[in-house]
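Here are the chains, one letter per residue:
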Amino acid sequence: MASDGLYIGLMSGTSMDGIDAVLVNVSKGQTQLKETHSQAYDPALRSRLAELASGDLESVDALATLDRVVGLEFSRASNALLQKSKLSSSDIVAIGSHGQTVRHKPQGPSEERYSLQIGDPASIAEHSGITTVADFRRRDVAAGGQGAPLVPLFHASQFGQDGQCRAIVNIGGISNATLLDGAKVMAGFDCGPGNTLLDAWVRRHRGDDYDADGAWSAEHCEDLALLQRLTTDPYFTRTGPRSTGPELFNLEWLDAQLGDQPPGVVQATIAELTAFAIVESLQACEAKPEALFVCGGGARNTDLMRRLNSRLEAEHIRLGTTYELGLAAEWVEASAFAWLACRTLAGLPGNAEVVTGADGPRVLGAIYPA
C-alpha cells in the first residue's frame, strides 16, 4: 500500500459522550494498535450537541459554531494522543476523522438524503499540523449509498479468515453488522438500536449516562407484549442496504409504545430489543455465521451480551468479542477511520457495493492538507 505508516483515527458516536483517538500503524492493509486516548466532552458541550441533534437548535450560527468547537476538540484529542505517544505531527501520515453525527437521513428522494457530521476537518488539520481525511459518510451518500455502515471492508481486512463465515457486530449507539465469508463481505447493514435507547432511558430515570454492566436491566425481565410492539416497526423488515439512527430510535419512538411498565422492566425490554435486532437481521442473510464477534461499547454490557448469547445459542452461533481476533473491542471503530484515511490516500476503495447498494466500491473521504 503506497501510504503505509502511522495514522490517527478519531471517532465520536451517537452517544455523544466524547472522542476516541487511536494511533495505528498501517502496513499492507493491516493495522497495529500503538496507543489510545479517550477525551470526554464537557457536559455543556454535550448538552448543546444533543439539542442540535434533536432539532431544538436550528440556526445556522449554532450549527457553524458547534462545527468549529467540535473540530477544535478533535484536534486537541489528536495532540494529546501525540504527546502520550511521544511523537510529533511529522511522524503521522494522516488523521482519519469520523466527526460527530448530528443528523442521519438516508431515506426519501435522492436529492433529500444526507448524513451530517460536524467537527470541522479544516480546523483539525490546521491545529494538529496533520493532513486530515474526513466527510466519509457524506461522500458515501453522494455516491448513492446509505452513509452507513462504513467499516465492512475494514472488518474484512482485519477479521476475515479463510474457510469461516463470521459476523462482526459493532454495538455503539446503533448496532451494525458485517457478514464475512472468509475475507469477502457478504452483507453490511445497521441492525437497529444499540446503546442509544438504553442510555437515554437510564439517563431519564436514574440520571446516569449509561447502565453500567447492564446491572439495571439484569434486575428485571422483559415485557414480552411491549417487545412484540417494538419489533413490529417497519425498519426490522427492510431488506438490502439499510441504515438508521437516533432520528428513528429515540425516546419519543419508545414512549409511543409504552403502557404502564415499571422503568426497570422497560430497560430490560430495550436490552432484549437490541439482541433481537442483531440476531433477526442476520437471519435474513443467505449465509449463516459460525461465530459472531462484538465490538463497541456494547461488548462491556454483561446483561446485553447474556441476552445476545441466549438468542445466538438457539441458532448454534458462538458469541465472542474482537479481543479474540487481536483488536480490543472499544478501539475498533476509531482504528477503522485511520484505515479509511490510509485507503483514501492510496486511492483504494473504502467501501463495498454489497454494503452501499451504489454503483461499486469507491474511495470515501475528503482530504484536507496540513
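Refer to the structure presented above.
Residues numbered from 1 in each chain as written. Predicted model: local features only at pLDDT ≥ 70, side-chain atom pairs only at ≥ 80, totals over all residues. Heavy atoms only, no water.

Focus on the overall build of the chain
Note the threshold: The helix and strand labels rest on DSSP assignments: H or I over at least four residues marks a helix, E over at least two residues marks a strand, and numbering proceeds from the N terminus. Our radius of gyration looks at C-alpha atoms and nothing else; its globule reference is 2.2 Å times the residue count to the power 0.38. Buried, partly exposed and exposed residues are distinguished by accessible area as a fraction of the type maximum, computed with a 1.4 Å probe on protein chains only: under 20%, between the cut-offs, and over 50%, respectively. Residue contacts are defined here by distance: any two heavy atoms, one from each residue, within 4.5 Å place the two residues in contact.
Helices and strands together make up the secondary structure of the chain, namely 13 helices and 12 strands. Whereas a compact globule of 370 residues would reach a radius of gyration of roughly 21 Å, the chain reaches 19 Å, a difference of no more than 12%. Taken over 370 residues, the chain has a buried fraction of 56%. Relative to all contacts within the chain whose residues are 6 or more apart in sequence, the contacts with residues 24 or more apart total 69%.

Observations concerning the sheet that holds strand E10 (residues 291–295)
The test is simple: Two strands qualify as a pair provided that DSSP identifies no fewer than 2 bridges between them. Fitting a line to C-alpha atoms yields each axis, with helices limited to the stretch in contact; the angle taken between N-to-C directions then spans 0 to 180 degrees.
With mixed pairing, 5 strands are arranged side by side in an open sheet as E9-E8-E7-E10-E11. Each edge of the sheet is formed by a strand with only one pairing partner; in this case those strands are strand E9 (184–193) and strand E11 (318–321). On average, each strand axis in the sheet is tilted by 20 degrees relative to the strand beside it, whichever way the strands run. As paired strands, E10 and E11 are joined by 4 bridges and run parallel to one another. In the strand pairing of E11, Leu 292 is matched with Leu 319.

Concerning the pattern of salt bridges
Basically, it comes down to this: Salt bridge, as applied in this entry: a Lys or Arg side-chain nitrogen positioned within 4 Å of an Asp or Glu carboxyl oxygen.
All told, the structure shown has 11 salt bridges when counted by the stated rule. A salt bridge links Asp 209 to Arg 203, with the nearest nitrogen and oxygen atoms 3.9 Å apart. One salt-bridge network, held together by shared partners, links Glu 222, Glu 272, Asp 303, Arg 306, Arg 307 and Arg 311.

What to know about the nonpolar core
Using the following cut-off: Each nonpolar core is a collection of buried residues, namely Ala, Val, Leu, Ile, Met, Phe, Trp, Tyr and Cys, held together in the definition by side-chain atoms within 4.5 Å.
Ranked by internal contacts, the top residues of the largest apolar core, which has 59 residues, are Tyr 7, Ile 278, Leu 292, Val 294 and Leu 308. Of the residues forming this core, the biggest block, 9 residues, is contributed by helix H12 (residues 332–345). Dropping the residues within four chain positions of it, Ile 278 is found in contact with Val 169, Ile 171, Ser 175, Cys 191, Leu 292 and Leu 308. Counting residues in each nonpolar core, the second largest holds 23 residues, with Ile 8, Leu 52, Val 102 and Ile 124 among its members.

Description of helix H10 (residues 263–283)
This is how it is decided: Take the number of residues in a helix, subtract one, and multiply by 1.5 Å to get its expected span.
Spanning 21 residues, H10 covers 30 Å between terminal C-alpha atoms, matching the ideal 30 Å at 1.5 Å per step. Counting buried residues in H10 gives 18 out of 21 residues, a clear majority hidden from the surface.

Remarks on the pairing of E9
For E9, a buried count of 8 out of 10 residues is recorded, marking the element as mostly surrounded by other parts of the structure. Of the pairings in the sheet, the one linking strand E8 (residues 174–181) to E9 comprises 8 bridges and is antiparallel in character. Counterpart to Leu 179 in the pairing with E9 is Ala 187. Connecting E8 to the next strand, E9, in antiparallel fashion are 2 residues, including Gly 182 with a positive phi near 65 degrees.

What to know about the packing of aromatic side chains
Spelled out, the test is: Here a Phe, Tyr or Trp ring, Trp counted by its six-membered ring, pairs with any other such ring whose centre lies within 6.5 Å, and the pair is stacked when the planes are under 30 degrees apart, edge-to-face when over 60, and tilted otherwise.
Summed over all chains, the structure comprises 8 aromatic pairs. Relative to Phe 159, the ring of Phe 154 lies with its centre 6.4 Å away and its plane at 80 degrees, an arrangement referred to as edge-to-face. Judged by relative accessible area, which is 1%, Phe 154 ranks as buried. For Phe 159, a relative accessible area of 1% translates into the label buried. A network of ring pairs unites the aromatic residues Tyr 235, Phe 236, Phe 249, Trp 253 and Phe 276 as a single cluster.

Digging into the packing of helix H2 (residues 60–85) against helix H3 (residues 121–128)
Worth spelling out the cut-off: Here a crossing is called left-handed whenever its near helix is offset anticlockwise from the far helix by less than a right angle, and right-handed whenever the offset is clockwise. Side-chain classes follow a simple rule in which Ala, Val, Leu, Ile, Met, Phe, Trp, Tyr, Cys and Pro form the nonpolar group, Asp, Glu, Lys and Arg form the charged group, and the remainder, Gly included, forms the polar group.
In contact at an axis separation of 8 Å, H2 and H3 are set at 35 degrees when each is read in the N-to-C sense. Every pair of crossing elements has a handedness; the one defined by H2 and H3 is right-handed. Contact with H2, carried on its side by Arg 68, Gly 71, Leu 72, Phe 74, Ser 75 and Asn 79, involves Ser 123, Ile 124, His 127 and Ser 128 of H3 and no other residues of that element. Here the contact of H2 with H3 is composed, by residue class, of 3 nonpolar, 6 polar and 1 charged.

Thoughts on unusual backbone geometry
A cis amide bond, omega -15 degrees, links Ala 148 with the succeeding residue Pro 149. One can find Pro 149 in the loop between helix H4 (136–142) and helix H5 (152–159). With a phi close to 55 degrees, Met 16 is a non-glycine residue in the positive phi region. You can see Met 16 is positioned in the loop between strand E1 (5–12) and strand E2 (18–27). A residue is classified by how much of its surface remains accessible, and Met 16, at 7% relative accessible area, is buried. Here Lys 28, not a glycine, exhibits a phi torsion of approximately 55 degrees, which is positive. Position of Lys 28 among the secondary structure elements: in the loop between E2 and strand E3 (30–40). The class of Lys 28 is exposed, set by a relative accessible area of 74%.

Structural notes on the environment of Gly 160
Within the secondary structure layout, Gly 160 lies in the loop between H5 and strand E7 (165–171). Gly 160 sits in the partly exposed class, given a relative accessible area of 30%. Along the primary structure Gly 160 and Ala 183 are separated by 23 residues, whereas in three dimensions their C-alpha atoms are 4.2 Å apart. Aside from chain neighbours lying at most four places away, what touches Gly 160 is His 155, Arg 166, Leu 180, Gly 182 and Ala 183.

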